[in-house]
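Topology and contacts: notes
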Amino acid sequence: MLVKDFIKEDEQLFCKLCKEFYSSGSTIREYNEEIAKKTFERVLDHHENLFGYFIIRRDSEEVIGYALVTSYWCNEEGGTVLILDEFYICPDDRHKGYASAFMEWLQEEYKDKAVSMTLEVLTSNLNAQNLYKKEGFIPDGFLTMTKEIKR
């Protein structure tokens, strides 16, 4: 497995994979191309705490997924916390170790920059929960609550 940062020419590919992610039942929101493009631009602008990565099959150099990673400082944790905001592996490439390999890469890449990693998973997505538990993630006792800010 290889990991590659997003580059300008990748916008269409990112939007395609992002649409697949939002159609997979991994989120309650619908895909919004305008938002996806805005996110992509934020990554390219090197926003201080937003990173975009493609997961690539080593043998064919084919992009098989993506991840959006963000971060924040947490007093309780005593340092920077990484948030695996979105993580998608194409269905044909699941159960082949790519998710585990990416998690390992992420930990190595940020070992001197962050103290922990966190993520959200739908309570109905048992496959993802099992994967993340296998990778050492544990429920932290918090319930995520969201309120949209009206514009």
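For the structure, see preceding data.
What comes next is a walk through the structure. As the structure is a prediction and not an experimental result, all values here were calculated from the model.

1. Details of the nonpolar core
- One finds I55, L84, F87, F102, L106 and Y132 to be the most contacted residues of the largest nonpolar core, which totals 20 residues.
- Those elements that place two or more of their residues in this core are β2 (50-57), β3 (62-74), β4 (79-89), α3 (98-109) and α4 (126-134).
- With 5 residues, α3 is the single largest residue contributor to this core.
- If near-sequence neighbours (up to four positions away) are discounted, F102 is found in contact with M1, V3, Y53, I55, A67, L84 and F87.

2. Describing the packing of aromatic side chains
- In the structure shown here, the tally under the stated rule is 16 aromatic pairs.
- Plain terms: the ring middles of Y53 and F102 are 6.4 Å apart, the flat faces sit at 55° to each other, and that makes the pair tilted. Taken as a pair, Y53 in strand β2 and F102 in helix α3 lie far apart in primary sequence, 49 residues in all. Grouping residues by exposure puts Y53 and F102 together as buried.
- Between Y132 and F137, the aromatic rings sit 5.9 Å apart at their centres with planes inclined by 70°, giving edge-to-face as the arrangement.

3. Some thoughts on the sheet that holds β4
- Reading across from one edge, β1-β2-β3-β4-β5 is the order of the 5 strands in this open sheet, with mixed pairing throughout. The open sheet is flanked by β1 (2-5) and β5 (116-119), the only strands paired with a single partner. The mean inter-strand angle of the sheet, taken between neighbouring strand axes irrespective of direction, is 35°.
- By the bridge criterion, 8 bridges tie β2 to β3 in an arrangement that is antiparallel. Bridging from a neighbouring strand, F54 pairs with Y66 of β3.
- Along the sheet face, helix α2 (residues 33-44) touches β2 and β3 and points at about 100° away from the line of β2.

4. Regarding the pattern of salt bridges
- In the structure shown here, the tally under the stated rule is 6 salt bridges.
- For the salt bridge of D10 with K4, the shortest nitrogen-to-oxygen distance reads 2.6 Å.
- Here D10 falls in the buried class, since its relative accessible area comes to 10%.
- We classify K4 as partly exposed; its relative accessible area is 27%.
- Here K16 makes a salt bridge to E20, at a shortest N to O gap of 2.7 Å. Highlighted residues: K16 and E20, both in helix α1 (residues 11-23), separated by 4 residues, approximately one helical turn.
- Here the salt bridges share partners, and the residues they tie into one network are R57, E62 and D93.

5. So, the environment of E120
- Structurally, the position occupied by E120 is in the loop between β5 and α4.
- Since its relative accessible area comes to 59%, E120 is described here as exposed.
- Distance in space between the C-alpha atoms of E120 and E86 is 8.8 Å, their sequence separation being 34 residues.

6. As for α3
- Its 12 residues give α3 an end-to-end C-alpha distance of 16 Å, which sits within 8% of 16 Å, the value for a rise of 1.5 Å per residue.
- Taken together, the buried positions of α3 are occupied by Y98, A99, S100, F102, M103 and L106.
- Elements that come into contact with the buried residues of α3 comprise β1, β2, β3, β4, β5 and α4.

7. Focus on unusual backbone geometry
- In this structure, H46 is a non-glycine residue whose phi angle is positive, near 55°.
- Turning to its location among the elements, H46 is positioned in the loop between α2 and β2.
- On the accessibility criterion, H46 (69% relative accessible area) is exposed.

Conventions adopted
Sequence order as written defines residue numbering, which begins from 1 separately in each chain. The predicted nature of this model means local features are confined to residues of pLDDT at least 70 and side-chain atom pairs, given and counted, to a pLDDT of 80 or more, with totals for whole chains, interfaces and linings taken over all residues. Side-chain metrics rest on all non-hydrogen atoms present in the structure, leaving aside hydrogens and water. To form a nonpolar core, buried Ala, Val, Leu, Ile, Met, Phe, Trp, Tyr and Cys residues must be joined to one another through side-chain atoms within 4.5 Å. Type-normalised accessible area, obtained with a 1.4 Å probe on protein chains alone, sets the label of each residue: buried when under 20%, exposed when over 50%, and partly exposed for intermediate values. Helix numbering and strand numbering both begin at the N terminus, where a helix is a DSSP run of H or I of at least 4 residues and a strand a DSSP run of E of at least 2. The contact rule is simple, with two residues in contact once any of their heavy atoms fall within 4.5 Å. Classification of ring pairs rests on two measures: the distance between centres of Phe, Tyr or Trp rings, Trp counted by its six-membered ring, which must be within 6.5 Å, and the angle between planes, read as stacked under 30 degrees, edge-to-face over 60 and tilted in between. Any two strands with at least two DSSP-identified bridges between them are counted as paired. Simply put, an axis is a line fit to the C-alpha atoms, just over the touching stretch for a helix, and the angle between two N-to-C directions goes from 0 to 180 degrees. Criterion for a salt bridge: a side-chain nitrogen of Lys or Arg within 4 Å of a carboxyl oxygen of Asp or Glu. Expected span of a helix: the number of residues minus one, times 1.5 Å.

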